[in-house]
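Below, each chain spelled out in residue letters.
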Amino acid sequence: MSIVGRTTEQFETNAAALLDRFPFQEFRLDYLADPGNAIPQLSAFFQRHTQASFLATCRPVPSGGCLHGSARQELAVLKLAVQAGCQLADLSLESAEELGATALDTLRESGAAVLVSFHDFQRTGDLGAVLDRMRGLNPDAAKIVSTAESLSDSLSMLQFLTHAKNDLPFPLVALAMGEHGALSRILGPRAGSAFTFAAATEAEATAPGQLTAGTLEELYRIRELTPATRLFGVAGDPIHSSLSPLMLNTAFRTTGVDAVYLPLRTGSAEELFRLARELPLDGFSVTMPLKQAVLPFLDEIDPTAAKIGAVNTVRRTPDGRFHGFNTDAAGIVDPLRTRRDLQGARVLILGAGGAARAAVFGCLGQGARVFLHNRTEATARLLAGESGAQVVSRAELASGHFDVLINATPAGMHGNALTLPLEKDDLHAGLVFDLVYNPIETPLLALAKARGIATVPGVEMFVHQGARQFSLWTGEDAPAAI
Ligand code: NAP
């Protein structure tokens, strides 16, 4: 756990609040205005908590820290921190090389083990070359941190860790920063990193992309991950606000399935499948912009997914083949079927994009009569031609009555200028399903409720498509209620 503060009092308060759960703490002393003078005040705190382990860091600006001072000043602060009670000191590689091996001896003589650290805030370069520089200094531990510019950089970092740890005389800590680096932070300890770094809160992150300790422990359960843990994830871009990691990791945890579900930010299907082969992943969810782009990379496509022309779920077989599925259609049909029989029902679908396609084929598969209305009529006609649905004009929409209305446009979504997908007076339906789930209660659902019409919130599609994914990957029923 990385602890920051502007004063020693803040350090003590922040650290004390977390010591019970996280008794290994890094004190980022470079965040203090005058660390040299302040550190002796921390001595009593360190002495009071001898059951905990403290790592002192006072990183200079050129190495990515906040200390406006020389390598000698970094060393002097670290020495004071060790004398005050820190058992481990982080000396930047640049300072160690400038000061020579005696700098490490100075800290050891004061009673600490020395971790030499390297940070690259731009890219993931030649990690082996950095490690060779570390070896020459004979540290007690080494830390190599790069910046992931892509998911592949996170993979490179994990592969580096897996190989490097085998013939090293000292423990290695390695990870990649940035949003693309999340994978290396979650799987790093499993790949051989002696430990990883976490923030107390998002606001207190000391490096780009640093996750909170709560996220690493509770959501990704990093202490429980072993080589046997099966890996899954959600691939797409953007994915930072995706709720899928929360949903699928909760499902794995509550059912006791030894698996973890990872955020995989990429816009490249080629990069995704390379990662899936090399990591390897046992399966993944696919979201924008990859639902069609993954098709050429699949060995087999489920007939429903083939009809819809999009895949949102991939399963990797033990012999390394990739099978594509579309659980969006079931995600729409399943919540409707718990409310009514769709056989012969008149279903109006607004929109003709990816979600609408899943709705059209899903409802037709249940024997419904499907009507389509879309802003761009030509797109609706194409989909109608492919599926056997019927296009309705605005006038037909206004005069008709439908058993079910499904909104598959972004109207009503948080931040979208359009609040309703149709005119208020045109709403004539027995049941309204809004696929938009942010917010949970959309203007369309509120309008339907006010008219006494039964409603289905979009979050049910989200949960049901995820539940189907869980079943495809594990062969078990998902804990959908949870
Ligand atoms: P998409 O492929 O981009 O399709 C969007 C559709 O909405 C198109 O038919 C588009 O019409 C229409 N549209 C967009 N802006 C419009 C506007 N201002 N007025 C009228 N029509 C408009 O998107 P998608 O993947 O189908 O997703 C649609 C919505 O479904 C998303 O916004 C999301 O909220 C929801 N969704 C929910 C879940 C879930 O799990 N609950 C899953 C997927 C999607 P044009 O053809 O004229 O462009």
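Quantities reported herein were computed from a predicted structural model and do not represent experimental measurements.

Draft legend 1. Fine view of the site of the ligand. Around the ligand, 20 residues are found, and the nearest of them are Ala 352, Ala 355, Asn 374, Thr 376 and Leu 435. Side-chain polar atom of Arg 375 to an oxygen atom of the ligand: 2.9 Å apart, as the coordinates give it. Separating a nitrogen atom of the ligand from a backbone N or O atom of Leu 435 is a distance of 2.9 Å. Burial of the ligand by the protein amounts to 73% of the accessible area it has alone, namely 920 Å². Looking at the shell around the ligand, the elements with two or more residues in it are helix H15 (354-365) and helix H19 (459-474). Among the residues making up the shell around the ligand, the classes are represented as 11 nonpolar, eight polar and one charged.

Draft legend 2. Fine view of the sheet that holds strand S9 (residues 259-265). Overall, mixed pairing links the six strands, which are arranged S9-S8-S10-S12-S13-S11 in an open sheet. The strands lining the two open edges of the sheet, one partner per strand, are S9 and strand S11 (300-301). Across four bridges, the pairing between strand S12 (residues 313-316) and strand S13 (residues 322-325) is antiparallel. Residue Val 314 lies in a different strand from S13, and its bridge partner there is Gly 324. Sheet strands in contact with helix H9 (residues 182-191) are strand S8 (230-236) and S9, and its direction is about 150° off that of S9. Running at roughly 170° to S9, helix H11 (residues 244-255) makes contact with S8 and S9 of the sheet.

Draft legend 3. Summary view of the pattern of salt bridges. This model, assessed by the stated rule, comprises 24 salt bridges. With a shortest N-O distance of 3.5 Å, Arg 21 and Glu 217 are connected by a salt bridge. Here Arg 21 is found in the loop between helix H1 (8-18) and strand S2 (24-28), whereas its partner Glu 217 is found in helix H10 (residues 213-219), with 196 residues between them in sequence. Look at Arg 21 and you get partly exposed, because its relative accessible area is 47%. In this structure, the salt-bridge partner of Arg 59 is Asp 90, at a minimum N-O distance of 2.9 Å. Here the residue Arg 59 occupies a position in the loop between strand S3 (53-57) and helix H4 (71-84), and Asp 90 occupies one in strand S4 (residues 88-92), the gap between them amounting to 31 residues. On the basis of relative accessible area, Arg 59 is assigned to the buried category, the value being 3%. One continuous salt-bridge network, built from bridges that share partners, spans Arg 21, Glu 217, Glu 218 and Arg 223.

Cut-offs applied
Residues numbered from 1 in each chain as written. Predicted model: local features only at pLDDT ≥ 70, side-chain atom pairs only at ≥ 80, totals over all residues. Heavy atoms only, no water. Near = heavy atom within 4 Å. Polar contact = N/O pair within 3.5 Å; in protein donor to acceptor, adjacent residues only side chain to side chain. Areas by Shrake-Rupley, 256 points an atom, 1.4 Å probe, with all protein chains shown as cover. Helix = DSSP H or I, 4+ residues; strand = E, 2+ residues; numbered from the N terminus. Nonpolar A, V, L, I, M, F, W, Y, C, P; charged D, E, K, R; others polar. Pairing = 2+ DSSP bridges. Contact = heavy atoms within 4.5 Å. Axes fitted to C-alpha atoms, helices over the stretch in contact; angles between N-to-C directions. Salt bridge = Lys/Arg side-chain N within 4 Å of Asp/Glu carboxyl O. Buried < 20%, exposed > 50% of the residue type's maximum accessible area, 1.4 Å probe, protein only.

Geometric descriptors of this kind do not, in isolation, establish any biological role.
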